[in-house]
Structures are given as structure tokens and as C-alpha cells.
Amino acid sequence: DAGITQSPRYKITETGRQVTLMCHQTWSHSYMFWYRQDLGHGLRLIYYSAAADITDKGEVPDGYVVSRSKTENFPLTLESATRSQTSVYFCASHGPSYNEQFFGPGTRLTVL
Amino acid sequence: LAKTTQPISMDSYEGQEVNITCSHNNIATNDYITWYQQFPSQGPRFIIQGYKTKVTNEVASLFIPADRKSSTLSLPRVSLSDTAVYYCLVGGSSNTGKLIFGQGTTLQVKP
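Per-chain numbering applies: the sequence of each chain, read as written, is numbered from 1 onward. In the order they appear in the text, chains get letters beginning with A and ligands get numbers beginning with 1. Per-residue local features are limited, in this predicted model, to residues with pLDDT of at least 70; the limit for side-chain atom pairs, both in listing and counting, is 80 or more; totals at the level of whole chains, interfaces and linings are taken over all residues. Note: side-chain values were computed over all heavy atoms of the structure, leaving out hydrogens and water.

## What to know about the overall build of chain A
The condition is simple: Secondary structure elements are taken from DSSP: a helix is a run of H or I of four residues or more, a strand is a run of E of two residues or more, and numbering for both begins at the N terminus. The quantity called the radius of gyration is restricted to C-alpha atoms. Its globule counterpart is 2.2 Å times the number of residues to the power 0.38. Exposed residues in this analysis have more than 50% of their type's maximum accessible area, buried residues have under 20%, and partly exposed residues fall in between, with area computed by a 1.4 Å probe over protein chains only. By the counting rule applied here, Lys and Arg register as positive and Asp and Glu as negative, while His and the ends of each chain are not counted. Where a charge lies is defined by one atom per residue type: Lys uses NZ, Arg uses CZ, Asp uses CG and Glu uses CD.
Helix and strand counts for chain A stand at 0 helices and 11 strands. Going from the N terminus to the C terminus, chain A shows its helices and strands as β-β-β-β-β-β-β-β-β-β-β. For a compact globule of 112 residues, the expected C-alpha radius of gyration is about 13 Å, and chain A comes in at 13 Å, within 12% of that figure. Each principal axis of the C-alpha atoms in chain A carries an extent, and together these give about 40 × 30 × 30 Å. Split into buried and exposed, the 112 residues of chain A put 47% on the buried side. Seen as two clouds, the 10 positive and the 10 negative side-chain charges of chain A have centres 7 Å apart.

Okay, structure coming up:
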């Protein structure tokens, strides 16, 4: 299926555990992004990537690691999860038009 | 990236036209004005974008005055399904695609 997908859709983990959220897009878009959205708030940029092997920090990168070995995949890893990382995580890719991003369905992560 | 200011919330009734205004006093020359819509439990969705004057598509219209320091998203004849959060963003092709999402405007459409 064409588009952008995220997995898992829901995840419950414990403090201190490593968690990886997956993001896959089929359009071969160069730019990809990870956002987090906390209850009642807007989206905050965690990391973004301009192309394979090129990543950069966003507004709230602490506690997160990203990699991008292939254009279509952009995984986000929480190396040692904390309760403050409980959030909904959205992955997005940038389309051909200015400022047009396509968002995945989100991953709801709960850290106990 | 220019900062935007928009109302936190708005209420409307089905069938009415809704106008959401966004202020962006520090907009740069190459910035575009973009609006996203987000339904509960979904990711944001691009709905309209413009640079100046008026843009219309099948979903909404976007009005931008000559000074470009504000913009108005117009939703004609809203329905209950238009209940969502609407985000106004400004940015241009030189900003690496990074977007700053503010709090957005929560639109509640009532029957």
C-alpha cells in the first residue's frame, strides 16, 4: 500500500527499557520527520532527516536516537524510556509542495 | 521560522461559515502560509497553502491580505465532521521542510 505507515500503533513499556518505533514511506520522499504530541498540545519536532544517512535534531531530541539507512525507513529509538516520554508519536514525510507533509497514523506510547 | 498566533478554540453550528484568523507579523518574504487539520487520534492533514491574495480548493479558502501579516482560513458550511484542530504555519522552501506547529485552534461544530 502506498503511503506512510507506523508500527506499532500502540506500545506499553517500562521505565528504562529500549523502545523502537518504526516508520515506513513508499513515496521515496527525501525529508522525513518525527514529532511527539502530548495530550492537549501541538506537535513538537524530535528529529528530522534530509536523506539517507543525514539526520538532525529538532526541538526536543534528548532521550531519542534516529537512524536512516534507507530512504523509506526512519526508525526512532528511545534508548532508556522515561515516563515523560509517554506521548503520541507521529512520523511524517515531506511532499513535493512547500510545507506539505504527510503524516502517519501515529504510535501511542505509554511508559510505566 | 515565523511564529503564529491563532485562537485557542472556536464554536460553530452546522451549516455556518467558519473563519479562523492567524497572525504572523514576522513572516519572511519567501514564507508560505499553510494550514493543517487534525482529527482526534489521527495525524495532521495538509488542507491549504498560499502565498498572497486568495486560494480556494475543495475543502477551504485561504485569504491573505497584501501585507501578509495575517491570514484567514474559511470553511464554508461546516458539518459535524469538521470538528478538529486547525493549525496555521508559516515557512518557505529554504527552511529544510521544518514546520513549527503551535497550539492550533480547536473548532467544535455543534448540531
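Anyway, onward from the coordinates.
## Description of the overall build of chain B
Here is the rule: Contacts were defined at the residue level, with two residues in contact if any of their heavy atoms lie within 4.5 Å. Using a 1.4 Å probe, accessible areas were evaluated by the Shrake-Rupley method; residue-level cover was limited to the displayed protein chains.
Secondary structure summary: chain B contains 0 helices and 9 strands in total. Whereas a compact globule of 111 residues would reach a radius of gyration of roughly 13 Å, chain B reaches 13 Å, a difference of no more than 12%. Along the first, second and third principal axes, the C-alpha atoms of chain B reach 40 × 30 × 25 Å. Per-residue burial for chain B yields a buried fraction of 46% across its 111 residues. Residue pairs at least 24 apart in sequence account for 58% of intrachain contacts in chain B once pairs closer than 6 positions are excluded. Put simply, chain B shows about 5400 Å² of open surface, and 51% of that area lies on carbon and sulfur atoms. For chain B, the distance from the average position of its 9 positive side-chain charges to the average position of its 7 negative side-chain charges is 8 Å.

## Observations regarding the side chain of Gln49 of chain B
Rule in force here: Throughout this description, a polar contact denotes any pair of N or O atoms lying within 3.5 Å of each other; where both atoms belong to protein, one of them has to be capable of donating a hydrogen while the other can accept it, and for residues adjacent in sequence the pair is counted only when both atoms sit in side chains.
Here Gln49 of chain B is to be found in strand 4 (residues 45-50). Of the polar contacts made by the side chain of Gln49 of chain B, one reaches the side chain of Thr34 of chain B; its length is 2.6 Å.

## What about the packing of aromatic side chains?
For clarity, the threshold we go by: Only the six-membered ring of Trp is used, alongside the rings of Phe and Tyr, when aromatic pairs are assigned; centres must lie within 6.5 Å, and planes under 30 degrees apart are stacked while those over 60 apart are edge-to-face, with the rest tilted. Any Lys NZ or Arg CZ found within 6 Å of a ring centre and within 35 degrees of that ring's normal is scored as a charge over the ring.
All chains considered together, the criterion is met by 13 aromatic pairs over all chains. Where Tyr36 of chain B meets Phe101 of chain B, the ring centres are 5.4 Å apart and the plane angle is 65 degrees; that geometry is what we call edge-to-face. On the criterion of sequence distance, the pair formed by Tyr36 of chain B in strand 3 (residues 31-38) and Phe101 of chain B in the loop between strand 8 (84-92) and strand 9 (105-110) is long-range, its members being 65 residues apart. The structure contains a cluster of three or more aromatic residues connected by ring pairs, namely Tyr31, Phe33, Tyr35, Tyr48 and Phe103 of chain A together with Tyr36, Phe46, Tyr87 and Phe101 of chain B. Lying over the aromatic face of Tyr51 of chain B, Arg68 of chain B brings its terminal NZ or CZ to 4.0 Å of the ring centre.

## Points about the confidence of the model for chain A
Should the pLDDT be low somewhere, the predicted coordinates at that spot are not to be read in detail. Basically, it comes down to this: In predicted models, pLDDT denotes the confidence assigned by the predictor to each residue on a 0 to 100 scale.
Looking at chain A, the pLDDT average stands at 93 and 98% of residues meet or exceed 70. Mean pLDDT across the secondary structure elements of chain A bottoms out at strand 5 (residues 43-51) of chain A, with 92, and peaks at strand 8 (residues 76-78) of chain A, with 98.

## Here we look at the state of the cysteines
Residue and element names in this part refer to chain A. Here is the rule: Two cysteine sulfurs form a disulfide in these notes if their separation is within 2.5 Å.
This structure, assessed with the given rule, holds 2 disulfides over all chains. Covalently, Cys23 is tied to Cys91 through a disulfide, its sulfur atoms 1.8 Å apart. Every disulfide takes its handedness from the sign of the S-S torsion; for Cys23 and Cys91 that torsion is -75 degrees, giving left-handed. Here Cys23, found in strand 3 (residues 19-25), pairs with Cys91, found in strand 9 (residues 87-94); they are 68 residues apart in sequence, far enough to count as distant. You can call Cys23 buried: its relative accessible area is 2%. You can call Cys91 buried: its relative accessible area is 0%.

## Structural notes on the sheet that holds strand 2 (residues 18-23) of chain B
All names here are of chain B. Condition: Here a strand pair is declared whenever DSSP counts at least two bridges between the two strands. Axis angles are defined between N-to-C directions and span 0 to 180 degrees, where every axis is a line fitted to C-alpha atoms and, for a helix, only to the segment in contact.
Strand order in this open sheet of 4 strands is 2-7-6-5, and the pairing throughout is antiparallel. The sheet is open, and its two borders are formed by strand 2 and strand 5 (53-56), each paired with just one other strand. For this sheet the average axis-to-axis angle between neighbouring strands, irrespective of direction, equals 15 degrees. Sheet analysis places strand 2 next to strand 7 (residues 70-75), joined by 6 bridges and oriented antiparallel. Opposite Val18, over in strand 7, you have Leu75 as the bridge partner.

## Quick word on the pairing of strand 9 of chain B
Both faces of the sheet carry side chains from a regular strand, because those side chains alternate between them. Residues and elements named next belong to chain B. Covered by surrounding structure in strand 9 are Thr105, Leu107 and Val109 only, the residues Thr106, Gln108 and Lys110 on the alternate face being uncovered. Inspection of the sheet shows strand 1 (residues 9-13) paired to strand 9 by 5 bridges, in the parallel sense. Bridge pairing links Ser12 to Val109 in strand 9.

## Quick word on the sheet that holds strand 3 of chain A
All names here are of chain A. One open sheet accounts for 4 strands, arranged 1-3-8-7; its pairing is antiparallel. Each edge of the sheet is formed by a strand with only one pairing partner; in this case those strands are strand 1 (4-7) and strand 7 (64-66). The sheet shows a mean angle of 20 degrees between the axes of neighbouring strands, taken without regard to direction. Sheet topology places strand 1 next to strand 3; 4 bridges connect them, and they run antiparallel.

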